[in-house]
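Residues per chain, in single letters:
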Amino acid sequence: MKLIIFDLDQTLVDFIKIHDRVTKSLFTEFFKVDAELTEIDFAGKSLNDNFHELARLKNIPEDVFRKSSRRLLESYENTFNRSLPADAEKYILPGARELLSELSNRDHIIALYTGDSPGIVRAVFNVTGLGKYFKFCLYGTEVKSRADMVSMAIDKAKEMTGHAFKNKEVVIIGDSIRDLECGKLFNALTIAVATGFHSPAQLSAAGPDYLLTDLQDYQKVLEAIERV
């Protein structure tokens, strides 16, 4: 039995174009500047941290940003939700649903950690139907760091099973170097997929246990997870 922790954006789904449009719209509304999420290295960070970094890039005064940050996140959730199509199957990355389905039929705990807020994750799950595969989710807008999220996931999994997951019993699957850096803190099994902002070369340099082009060959991912 493994504790398998997935990232969401650009690992399982790709709504980055929608994130970009919503960011552009709201930074214009709130701060009167032209800004897009993809102007910064957003991968593996929380929405709050990305908004803050983008505000600094656009020379928005710190006090102005902080005064608006809570309303910005609330507006972001609402606008993002309204921007999603009713049928979002095409936004699910190749192999993601099949992998989650296979894992859910095996003796594993499947968890999600993400920089997104609960409202955004609910919206994504609503249009993709992926939520049914996860035992629990942890959110970057509520937890300080990815490492903290993994610690919490380990604690939650122990509460559920009575088993203290450690080392390669913990699996982290993500598209960013930050997923890999986090995994190394726990000596976890790390599986990188080159479907996001970070290039295969960047991911390789971060030293994953496995580096895949994507999740399409999900049987290979299953083998990697259950080999150790």
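Above this text sits the structure in question.
If you're wondering where the values come from, they're calculated on a predicted model, not measured in any experiment.

> If you had to explain the pattern of salt bridges to someone new, which residues and values would you point to?
Tallying each qualifying case throughout the model produces twelve salt bridges. R97 is the salt-bridge partner of E89, the closest N and O atoms lying 3.0 Å from each other. With its nearest N and O atoms 2.7 Å apart, the salt bridge here joins R106 to E226. Taken together, the residues span a long stretch of sequence, with R106 in the loop between α4 (96–104) and β2 (109–114) and E226 in helix α9 (residues 218–227) at a distance of 120 residues. Residue E226 is classed as partly exposed on the basis of its relative accessible area of 37%. A network of salt bridges, in which partner residues are shared, links D7, R146 and D179.

> A description of empty space enclosed by the protein should follow, citing residues and the corresponding values.
Counted by the stated rule, this structure contains one cavity of 30 Å³ or more. What the largest cavity holds in volume is close to 170 Å³. Lining the largest cavity we find 18 residues, and of these D9, F42, G44, K45 and D116 sit closest to its centre. Secondary-structure elements contributing two or more residues to the lining of the largest cavity are α1 (16–31) and α2 (47–57). A class-by-class count of the residues in the lining of the largest cavity yields five nonpolar, seven polar and six charged.

> Please set out the packing of α2 against helix α3 (residues 62–83) residue by residue, giving values where relevant.
As a packed pair, α2 and α3 sit with axes 10 Å apart at the nearest point and diverge in direction by 135°. Judged by the angle between their axes, α2 and α3 are oblique. Where α2 crosses over α3, the handedness of that crossing is right-handed. Facing α2, whose interface residues are L47, N48, F51, H52 and A55, α3 presents E62, F65, R66, L72, L73 and Y76. Grouping the constituent residues of the contact of α2 with α3 by class yields seven nonpolar, two polar and two charged.

The rules behind each value
Residues numbered from 1 in each chain as written. Predicted model: local features only at pLDDT ≥ 70, side-chain atom pairs only at ≥ 80, totals over all residues. Heavy atoms only, no water. Salt bridge = Lys/Arg side-chain N within 4 Å of Asp/Glu carboxyl O. Helix = DSSP H or I, 4+ residues; strand = E, 2+ residues; numbered from the N terminus. Buried < 20%, exposed > 50% of the residue type's maximum accessible area, 1.4 Å probe, protein only. 1 Å grid on protein atoms, 1.4 Å probe; cavity = no way out; pocket = protein on both sides within 12 Å on 5 of 7 lines; lining within 4 Å. Points joined across faces, edges and corners; volume = space filled by probe spheres on them. Nonpolar A, V, L, I, M, F, W, Y, C, P; charged D, E, K, R; others polar. Axes fitted to C-alpha atoms, helices over the stretch in contact; angles between N-to-C directions. Parallel < 35°, antiparallel > 145°, perpendicular 65-115°, else oblique. Left-handed = near helix turned anticlockwise from the far one by under 90°. Contact = heavy atoms within 4.5 Å.

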